[in-house]
Every structure is written in structure tokens, then in C-alpha cells.
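# Survey of secondary and tertiary structure
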Amino acid sequence: MRSCNTCKGTYPDVQADGTSYFHQCPPLSVAELHAAITAGTLVLTAAQQAQLAAAQTADLKTPPAAGTLSQVDTFLQTLSVTRKNARDENVVVVGKDTAGNPIVHAKADPTGFTEV
Amino acid sequence: MDPSWYGVPSPALAGGSPIYVTGEDGLRLTVFNSVAGVTVTLSGRFLPARQRSDEADPRVGVFNQTLVPATTRTASTIFMSLGEGWLLDWSAQVTAGAPLKGNTYAILELARGTTGTIARVSRLGEGYITSNVSIGWPGSTFQGMLDGEGAIRSITGTTPGAGAQISETVPTGARWELLAVLASLTTSAVVANRIAEWTIDDGANIFWRNGANVTQTASTTNKYIISEGFNQFNIDTSNDAARCHPIFMRLTAGFRFRTLVAAMDAGDQWTAPQYLVKEWLEA
């Protein structure tokens, strides 16, 4: 098993059927988005900031009933924000060797993994 | 009839084989594969042309060459020079490993050049191969990568970190039909009503989503299921919530299925998703 040094997800690099598994970090969850916005580590675009402000105003005006989504969460769910140092083990062809075979690298691997 | 009438060395008719190759031509085997431990063997028979009028008639020879393909679903190739003569028959088959039909795909071409620019002259055959299913000539029909039933695969995905969502990506070189997914969410003691949804996107843009019409409270564990063409239900006595997604929905490389949980706490924890797909290679 491997543990991703970026997202802390754990995964088998080889499946039971012998195929390789290529991990890709998930985008930030709504909880992580809340935390990142609060900490100032995520900068939204002007349009997104306007949508978030509108959602916050709507939630203040009409608080969400128990068991229903807030307008803020509804908005944040529409975002797909890549986490910092996201890894993607899926391969990309970067060239060919002398025999014509492709040379492949992971699409993104800034932090690596730890065997667990 | 005197074979020299055709302008080629004896034996001109060569058992009726239409595949005459010059010394510049060779066989190029390309294999796309997703499974470890696979060896593909290219074998066949070749009748060399007589090079001098004073030499004895050549005898039919057998060729045999192996290739251990990469498991990244990218192309692995070998080139085999034959010399001048007639290709009588050939086959490509898995001789080690146990791939399913849909895991290992072979293409055989007549080509010129071993390095640098390789000129593909003609395609001789292509299709999925296993230890019991080969492609070859004579006899085989051409099969495209997206033809056939695909390989049934049960995959264990990533266990996300605490507070993170499930996100599984169709790997490079694959096409999936998602059949079913199951994962459990255990909530922390922080009081909130979580609402879990499944989404499918193209790597950025969500085009399908379906959520359990029920909330999950603190310190509970629910199982969330999506399945092709399945009846939907909310939490049952086994704490299962099932949603359906359209049948025959094909996902190509880079597409993702993910969870979205509203009011998720940083201490909430998903299990690794276990999912069933049909897989084809796509290059």
C-alpha cells in the first residue's frame, strides 16, 4: 500500500487482478474549501467571490432548515479546486525511445508517496 | 511454369501466400496492456526466397519472438526483420500471464525501418489476445480496441484522508463503463447533518450527480452505492443508500467519479470505494 504525501489518501499500487492503479489526489472537499477560504490560502476569482457573498447573504436572510444544504455549501460544491501539490500518477507520453516505444512519466508528482 | 517468368526467385508461388516481403520489410508488433506479468509471443512460418540460382530451394523456417509489454496501457513494440521471401502464417498470443479479453491488445503491421521514422506499410491484424485467444493469419478478423465486451474489473480505490472526498479517475489509455460503486462514510462526533452525493465529471465539469435524499448525522456509518440502472432507495435497515446512474455511460481517460458531502466535518472518513467496471483499452 502507498500513502500519498499530498492528500494522505492510501491506495494499492497494484490491484488484485494484476493491473496497476494510478492515484490522483481528489479536489478540495467542501470542508477543506471552507478551511482554505477562512485561512486565506484559497483565492477565489472575483466572480466566485461575488457568488459566495450572495450565498452567504441568502443564508443569513433564510437560514437553511435542518437537513438541507446551505446556499454556501451548494455553491462550494460546484467548485473543483485542485489541492496544492496535487499528485496524478496517470502517465503522459513525453517522447519515444530509439525503438519507437513511448517514454512515460507521471502527470504530476511533486511530493511522492510513502510505502505503508 | 518457369518461376523466373514472374521476375522473382523460386519458389514463386510459395504455397499461395500473397504476402511477399522484401528484405527491407519487417514485422512490427505493438501491444497495449494493463496487466503485470504478461508476455506476448509472435510466431509464424516464413519461406525465404532463393538468392542465387545455384543454391538449393530454401526451407520453411519458424520465427518466434517475445515481448513483455508495459502495464501503463501505452504502446510496447518489437520489430523483426524477416529477409526476402513469403510470410506463410503468423499469430500473436499471450504465453505468460493471465489477462482477460480487454486487458491486452496486439497490432501486427508490415513496416520498414527499426528506429527513427518507421514507415507502416500495411496492417496485418489487430485484436485483444489472452492465453487462449490469439490473433493471426490466416483466420482472424480485425477487432478494434472498443469492440467486444471489455474486461470486467473489480477495483479498490483510494481511501481518502480524513475530511477529504472520494475521487477516482479513469486511467490513461482506458475507457470504462461504470457498473457499480460502494463506499461507507463514518461521521465524526461533530453535530451536523451530512448530505452525500455522487458526481461524475469530465475532469473538471460535472455532468451527472445524484444524492441520497436523506441526511447522515454525527457518529454514524452509512453505505452509499451507485449502480447502473438500479432501483434507488434511501437509508434502509442496513444503513445503505443506493442511487442509480444511466446504463451504458462510457467514461474516457481523465473522467472522474467523486463524492460530494455537504456539511462534511474534517473528521469524517470515507472508506476506499470498491467499484466494478467494464474496461477497454483506448489509444
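Residues numbered from 1 in each chain as written. Chains lettered and ligands numbered in written order. Predicted model: local features only at pLDDT ≥ 70, side-chain atom pairs only at ≥ 80, totals over all residues.

A word on the sheet that holds strand S14 (residues 206-211) of chain B. Residue and element names in this part refer to chain B. Judged by pairing direction, the sheet is antiparallel, and its four strands sit side by side in the order S11-S18-S13-S14 without closing on themselves. Looking at which strands have only one partner, the edges of the open sheet turn out to be strand S11 (167-169) and S14. Strand-to-strand twist of the sheet, defined as the mean angle between neighbouring strand axes without regard to direction, takes the value 20°. The pairing of strand S13 (residues 195-201) with strand S18 (residues 256-262) spans seven bridges and is antiparallel. Looking across to S18, one finds that Asp-201 is bridged to Arg-256. (Pairing = 2+ DSSP bridges. Helix = DSSP H or I, 4+ residues; strand = E, 2+ residues; numbered from the N terminus. Axes fitted to C-alpha atoms, helices over the stretch in contact; angles between N-to-C directions.)

So, on to the environment of Lys107(A). Residues and elements named next belong to chain A. With respect to the helices and strands, the residue Lys-107 is situated in strand S4 (residues 102-108). For Lys-107, a count of 16 C-beta atoms within 10 Å puts it in the partly exposed group. Along the sequence, Lys-107 and Glu-89 sit 18 residues apart, while their C-alpha atoms lie 6.0 Å from each other. Discounting chain neighbours no more than four positions away, the residues touching Lys-107 are Asp-88, Asn-90 and Val-92. (Buried ≥ 20, exposed ≤ 12 C-beta atoms within 10 Å, placed from the backbone. Contact = placed C-beta atoms within 7 Å.)

Bringing the domain arrangement of chain B into the picture now. All names here are of chain B. Once the domains are mapped, chain B shows domain 1 (11-137) and domain 2 (151-281). On a C-alpha basis, the centres of domain 1 and domain 2 stand 44 Å from each other. On the domain 2 side, the residues contacting the 10 residues of domain 1 number eight residues. Of the residues that constitute the side of domain 1 that touches domain 2, the class distribution is three nonpolar, five polar and two charged. (Domains from an automatic or database assignment. Nonpolar A, V, L, I, M, F, W, Y, C, P; charged D, E, K, R; others polar.)

Taken together, the contact pairs 41 residues of chain B with 36 residues of chain A. Of all elements in the fold, only strand S5 (75-81), strand S10 (151-156), S11, S13 and S18 of chain B reach the threshold of two or more residues within the side of chain B that touches chain A. Of all the elements, S18(B) adds the most residues to the side of chain B that touches chain A, at four residues. Residue composition of the side of chain B that touches chain A, grouped by class: 17 nonpolar, 20 polar and four charged.

For a regular strand, side-chain orientation follows a simple rule: the groups alternate between the two sheet faces. Residues and elements named next belong to chain B. Sheet topology note: the strand S3 (residues 39-48)/strand S6 (residues 85-96) ladder contains 10 bridges and is antiparallel. Its bridge partner lying in S6, Pro-48 is registered against Gly-85. The sheet contact formed by S3 and strand S4 (residues 61-67) spans seven bridges and is antiparallel. Opposite Arg-45, over in S4, you have Val-62 as the bridge partner.

On to the pairing of strand S15 (residues 221-228) of chain B, then. All names here are of chain B. Bridge count between strand S12 (residues 174-186) and S15: seven bridges; the pairing is antiparallel. Residue Ser-184 lies in a different strand from S15, and its bridge partner there is Lys-223. In the sheet, S15 pairs with strand S16 (residues 240-245) via six bridges, with the strands oriented parallel. For Ile-225, the partnering residue across the bridge sits in S16 and is Ala-242.

To continue, consider the confidence of the model for chain B. When pLDDT drops low, the exact placement of atoms in the prediction is not to be read closely. Residue and element names in this part refer to chain B. Residues with a pLDDT of 70 or more make up 93% of chain B, whose mean pLDDT is 89. Within the model, the stretch residues 3-7 combines pLDDT values under 50 with four contacts to residues more than four positions away or in other chains. Here the predicted complex carries an ipTM of 0.88, next to a pTM of 0.88. (pLDDT = per-residue confidence, 0-100.)

This part takes up the nonpolar core. Across soluble globular proteins, nonpolar side chains have a tendency to be buried as a group. By size, the foremost hydrophobic cluster in this structure holds 62 residues, and its most contacted members are Leu29(B), Val40(B), Ala92(B), Ala106(B), Leu108(B) and Val261(B). Here this core takes six residues from S12(B), the largest share from any one element. The contacts of Val261(B), once residues within four sequence positions are left out, are Val30(A), Gln165(B), Leu185(B), Arg194(B), Ile195(B), Ala196(B) and Asp268(B). With five residues, the next largest nonpolar core counts Cys4(A), Cys7(A), Ala86(A) and Ala164(B) among its residues. (Core = buried A, V, L, I, M, F, W, Y, C linked by C-beta atoms within 7 Å.)

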